[in-house]
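Below are the chains, spelled out letter by letter.
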Amino acid sequence: MMAGIAMHTAPLLRPQLRAIAAARREREGARPLRLSCVIPCRNEERNLDLLLPLLREMLDALGAEWEVILVDDGSTDATALVMEDWTQVPGVRFIQLSRNFGKEAALTAGLQAAQGEAVLMLDADLQHPVDLVPEMVARWRDGADVVYAYRASRADESLVKRSGARLFYALLNRFHRFRIPEDAGDFRLLDRRAVDALLALPERNRFMKGLYAWIGFDAVGVPYVPPPRAHGRSQFSGLRLLGLSIDGLTAFTTWPLRIVSAVGVAIATASFAYGAYLSGVYLVYGHQVSGWTTIVVALMFFSGIQMIFAGILGEYIARISEEVKARPLYVVKRAAGRGLQPGKP
């Protein structure tokens, strides 16, 4: 894991990044840092009353001009009411989506509303510790455009989940010109340039981990150990994680389609060779070609292969269909509160 840290911190030694860091400090000498915090929520009523006082205290200690953007992604508890109460605090904004659109859509809604020159994203369950934020801001001031937090250990997860995560990242990063950091999620700080680049991407099937890496920019990782979830349970079941993995693979890789072609060529070659062998045996020895069992088994096998491949193609076609419809990522039901005013970063 330390090798991963070195890989991302090395670019910060470049002269142009030192110039960026100097420019950022010069701007902050004239005025405080403008920092936006985006928190997507679903059924987090009990956690918000614990998180927001800690976050507010930390932001005040930073001496920044700040805003907190709370995005309610179709909660079924009193999360929206808690958010609305917090809008009485200056700098806290509340965006309620009309239904559950998913975390990626909620994050995008928050990013589009953010006005800061740097934007922090974190979850509401207190597993993203706010005491790590000053270090992330310090890395940004040193010139990093993206500061992401990654888990220092997955010892608290099951063997199946750890193995699945390793396999997923191995498949995802195998043929790319960019690398998606392992064990990193949405807990990260983005410079305004990175936020604008992210929002300029037009796709509606938004696998955010991949998009963070695709836009590039200079990134640095910060390790952390997530504390236990304060209240409630995770919204990501095993099936939802599997679905998210499929979304990521189809959004950022084409190797499943290449496997379909490769297997098709291999099966066709093997079938031609076997047919030539049987023909040769018949011509030389006069043996009858046997078969009922062989034919039935072969038909069932190839039918199964065809259905699997049709499913792979269907996943890509379904995503093309979603993009062509061009529906909005989310619909806002209501919004309240006031944050940072638009201004030049």
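Provided above is the structure to which this section pertains.
Since we're looking at a predicted model, the values are computed, not measured.

> Go over the overall build of the protein, please, and point to the residues and values.
Secondary structure summary: the protein contains 12 helices and 8 strands in total. Among the 345 residues that make up the protein, the fraction classed as buried is 42%. Once local pairs closer than 6 in sequence are excluded, the contacts in the protein between residues at least 24 apart make up 84%. Accessible surface for the protein amounts to roughly 18,400 Å². Of this, 61% is attributable to carbon and sulfur atoms.

> Please give an account of the pairing of strand S1 (residues 34–41) that cites residues and values.
Counted residue by residue, S1 has 8 buried out of 8 residues, so it is predominantly covered. Along S1, one buried face is formed by Arg34, Ser36, Val38 and Pro40 and the opposite face, lined by Leu35, Cys37, Ile39 and Cys41, is buried too. Relative to strand S4 (residues 118–121), S1 is paired through 4 bridges, and the arrangement is parallel. When the bridges of S4 are listed, Ser36 appears paired with Val119.

> Could you give an account of the pattern of salt bridges, with specific residues and numbers?
Tallied over the full model, the rule gives 9 salt bridges. A salt bridge links Glu65 to Arg34; the shortest N-O distance between them is 3.9 Å. Residue Glu65 is located in strand S2 (residues 65–72), and its partner Arg34 is located in strand S1; the two are separated by 31 residues in the primary sequence. Assessed through its relative accessible area of 35%, Glu65 is described here as partly exposed. The network of salt bridges with common partners includes Lys103, Asp123 and Asp186.

> Tell me about the nonpolar core, and please be specific about residues and values.
In this structure, Leu35, Ile39, Val68, Leu120 and Leu189 are the most contacted members of the largest nonpolar core, which totals 41 residues. In terms of residues, this core owes the most to one element, helix H3 (residues 45–62), which gives 6 residues. Apart from the residues lying within four places of it in its own chain, the contact partners of Ile39 are Leu51, Leu52, Leu55, Val68, Ile69, Leu70, Val71, Leu122, Asp123 and Ala124. Counting residues in each nonpolar core, the second largest holds 30 residues, with Val38, Ala105, Ala114 and Ile215 among its members.

> Would you mind going over the sheet that holds S4 in detail, with residue names and values included?
Through backbone hydrogen bonds, the strands of a sheet pair up, either in parallel or in antiparallel fashion. If you trace the 8 strands from one edge of the open sheet to the other, you get S7-S5-S6-S4-S1-S2-S3-S8, paired in mixed fashion. Whereas interior strands pair on both sides, the edge strands pair on one side only; in this sheet they are strand S7 (219–224) and strand S8 (332–337). Neighbour to neighbour, the strand axes of the sheet diverge by 20° on average, direction disregarded. Relative to strand S6 (residues 184–191), strand S5 (residues 146–151) is paired through 4 bridges, and the arrangement is antiparallel. Across the sheet, residue Val147 finds its bridge partner in S6, namely Leu189. Strands S4, S5 and S6 of the sheet are contacted by helix H8 (residues 192–200), whose axis makes an angle of about 115° with S6.

> Outline the packing of aromatic side chains, supporting the account with residue identities and numerical values.
Evaluation of the coordinates by the stated rule reveals 2 aromatic pairs. When the ring of Tyr148 is compared with that of Tyr150, the centres are 6.4 Å apart and the planes differ by 50°; the resulting orientation is tilted. Given the relative accessible area of 4%, Tyr148 is considered buried. Among the residues examined, Tyr150 registers a relative accessible area of 4% and is labelled buried. The positively charged end of Arg99 is found above the aromatic ring belonging to Phe101, 3.9 Å away from the centroid.

> Account for the packing of H3 against helix H4 (residues 79–86), naming residues and giving values.
It is the contact of H3 with H4, at a shortest axis distance of 8 Å, that shows an interaxial angle of 25°. With respect to their mutual orientation, H3 and H4 come out roughly parallel. The crossing of H3 and H4 is right-handed. Along its contact with H3, which presents Glu45, Leu48, Asp49, Leu52 and Pro53, the element H4 presents Thr79, Val82, Met83 and Trp86.

> Quick one: what's the story with the packing of helix H5 (residues 103–113) against H8, residue by residue and with numbers?
Packing of H5 against H8 leaves a shortest axis separation of 10 Å and a crossing angle of 125°. The pairing of H5 with H8 is recorded here as oblique in orientation. In the packing of H5 onto H8, the handedness of the crossing is left-handed. Contact with H5, carried on its side by Thr108, Leu111 and Gln112, involves Val195, Leu198 and Leu199 of H8 and no other residues of that element. A per-class count over the contact of H5 with H8 returns 4 nonpolar, 2 polar and no charged.

Calculation rules
- Residues numbered from 1 in each chain as written.
- Predicted model: local features only at pLDDT ≥ 70, side-chain atom pairs only at ≥ 80, totals over all residues.
- Heavy atoms only, no water.
- Helix = DSSP H or I, 4+ residues; strand = E, 2+ residues; numbered from the N terminus.
- Buried < 20%, exposed > 50% of the residue type's maximum accessible area, 1.4 Å probe, protein only.
- Contact = heavy atoms within 4.5 Å.
- Areas by Shrake-Rupley, 256 points an atom, 1.4 Å probe, with all protein chains shown as cover.
- Pairing = 2+ DSSP bridges.
- Salt bridge = Lys/Arg side-chain N within 4 Å of Asp/Glu carboxyl O.
- Core = buried A, V, L, I, M, F, W, Y, C linked by side-chain atoms within 4.5 Å.
- Axes fitted to C-alpha atoms, helices over the stretch in contact; angles between N-to-C directions.
- Phe/Tyr/Trp six-rings, centres within 6.5 Å; stacked < 30°, edge-to-face > 60°.
- Lys NZ or Arg CZ within 6 Å of the ring centre and 35° of its normal.
- Parallel < 35°, antiparallel > 145°, perpendicular 65-115°, else oblique.
- Left-handed = near helix turned anticlockwise from the far one by under 90°.
- Nonpolar A, V, L, I, M, F, W, Y, C, P; charged D, E, K, R; others polar.

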